[in-house]
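# Observations on the model geometry
If you want the building blocks of each chain, they are given just below.
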Amino acid sequence: MIQIGLSGWGDHDDLYPPRLPARDKLSMYARYFSMVEVDSSFYAIQNQTVYERWLAETPKNFTFVMKAYQGMTGHMRGKSPFATPGEMFQAYLDSIQPMADAGRLKAVLFQFPPWFDCVPEHIRQLRAVRKWMGDLPLALEFRHQSWFASVTKERTLEFMREEGWIHVVCDEPQIGLGSVPIVLQPTSPALTLVRLHGRNAAGWSQGSSPRWRELRNLYRYSREELLEWQEQLQELLAKGTREICMVFNNNSGGDAAGNALEMREILGMPPRELPPRQMDLFAGWETE
């Protein structure tokens, strides 16, 4: 089974009629896609009531990929609001408990930063994270090429299988150590995540620019590139994963929703009609 979704639901203007209130966007998003990646859980540990509301606003078969909190992946700048790592992990686990209880937590996504390289210290950290998180489904995304170098690639994949990590296959610019290649190997029979970040090499390396958020994922996939992914998804299924969640994260220019709907069409999924972008001025008029 293949599911298509987006990173977040607030910024995809093509999905919504003009002036739709923000509070109504998730329920409308769920008309187009059956899963979503939640980015807000990276920036702050939310109150349970937030997740309870999202569960109520979406169908029972709608699922969530939750990004791990930034302090859990080494992204946090400045002082942590938690006294210990254990306290931080427990707060996060308590936060997402409604999602887990409802059976609608597809996975917790641990996206580690570009400086998280393949060294013994970081391998120990991954083992500790796996222990802290218990039996929850965990997805692992690397941003440093050392994990998939020729001498480490197979061992990395085997480690992920042994420790119960879901592999996140990435499509991103190839510009040195701070990016990873497309590695079409599942590590969990239950699920593989595919995240498409775009291929904007110039924008990907603009981390010091004040406009880096605008530039990093500014990219629209061509139909030819999406057709290549149709074949690659089938390859992943053939290698033993039962389900793939494909998340489009190329939304700096508003391209993710259009690409995701085009991918649905390529895969033969039922079409979802976009809302009208302007009112029909002649609606309701009758000719004489």
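Further up the page is the structure itself.
Residues numbered from 1 in each chain as written. Predicted model: local features only at pLDDT ≥ 70, side-chain atom pairs only at ≥ 80, totals over all residues. Heavy atoms only, no water.

Right, let's get into the pairing of strand β3 (residues 63-67). Of all five residues that make up β3, five are buried, and the element is covered over most of its length. Across the two faces of β3 the burial is the same, with Thr63, Val65 and Lys67 and Phe64 and Met66 all buried. Bridging between strand β2 (residues 35-38) and β3 involves four bridges; their strand directions are parallel. Paired with Val36 across the bridge in β3 is Phe64. Strand direction decides the pairing type here: β3 and strand β4 (residues 105-111), joined by four bridges, are parallel. (Buried < 20%, exposed > 50% of the residue type's maximum accessible area, 1.4 Å probe, protein only. Helix = DSSP H or I, 4+ residues; strand = E, 2+ residues; numbered from the N terminus. Pairing = 2+ DSSP bridges.)

With that out of the way, let us pick up the nonpolar core. Counting 84 residues, the largest nonpolar core has Phe110, Met133 and Phe248 as the members making the most contacts within it. It is helix α11 (residues 256-266) that provides the largest number of residues to this core, a total of six residues. Apart from residues lying up to four places away in sequence, Phe248 is in contact with Ile4, Gly5, Leu6, Ser7, Leu196, Tyr221, Leu226, Ala256, Asn259, Ala260 and Met263. (Core = buried A, V, L, I, M, F, W, Y, C linked by side-chain atoms within 4.5 Å. Contact = heavy atoms within 4.5 Å.)

For helix α1 (residues 25-32), the tally of buried residues reaches six of eight residues, placing the bulk of the element in the interior. Of all the residues in α1, the buried ones are Lys25, Leu26, Met28, Tyr29, Ala30 and Tyr32. Here the buried face of α1 lies against β1 (2-7), β2, α3 (48-57) and α11.

Secondary-structure assignment places Ile266 in helix α11. The exposure class of Ile266 is buried, given its relative accessible area of 11%. Once the C-alpha coordinates of Ile266 and Leu226 are considered, the two residues, 40 residues apart in sequence, prove to be 8.0 Å apart. Excluding residues within four positions of it along the chain, Ile266 makes contact with Arg223, Leu226, Leu227 and Gln230.

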